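Structure at a glance
What follows is each chain in one-letter form.
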Amino acid sequence: MERGASLTTTAQSGIGKSTLINRAFGIDEAVQWLWFREQDNQRGMADIEKELVSPLNDRFVLHDSKGFEAADGNNYETVKGFITSRNKCQNVGDKLHAIW
């Protein structure tokens, strides 16, 4: 199967990135991250490197990022590194096509 468009979400913690992915693309796994955070009172358990494929449309590959927190530069560097590495990919299917 040919790879589809690759998208990532970025925003502050608790804003609803995982919920957006679930509602727009029907990906239950994004909601599992949300449930885990609420259950354990934790935020930002998403892994930007993990590929989430919509059962509604497998032409989209989504990446849910950990939320940004004030004075926490680690996640900024993770997201920046992910975007930079995807931009350097030779295969167009491996590139990042949109940031939401």
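Right above here is the structure, for reference.
Conventions we followed
Residues numbered from 1 in each chain as written. Predicted model: local features only at pLDDT ≥ 70, side-chain atom pairs only at ≥ 80, totals over all residues. Heavy atoms only, no water. Helix = DSSP H or I, 4+ residues; strand = E, 2+ residues; numbered from the N terminus. Buried < 20%, exposed > 50% of the residue type's maximum accessible area, 1.4 Å probe, protein only. Contact = heavy atoms within 4.5 Å. Polar contact = N/O pair within 3.5 Å; in protein donor to acceptor, adjacent residues only side chain to side chain.

Within the chain, the secondary structure is distributed over 3 helices and 4 strands. Going from the N terminus to the C terminus, the chain shows its helices and strands as β-α-α-β-β-α-β. When each of the 100 residues of the chain is scored for burial, the buried share is 31%. Restricting to contacts in the chain with at least 6 residues of sequence separation, those with at least 24 account for 56%.

Turning to the environment of His97, a few remarks are in order. Relative to the helices and strands, His97 is located in the loop between α3 (73-87) and β4 (98-99). When sequence neighbours within four positions are dropped, the list of residues in contact with His97 reads Gly4, Ala5, Ser6 and Val92. A distance of 3.3 Å separates the side chain of His97 from the backbone oxygen of Lys95, its partner in a polar contact.

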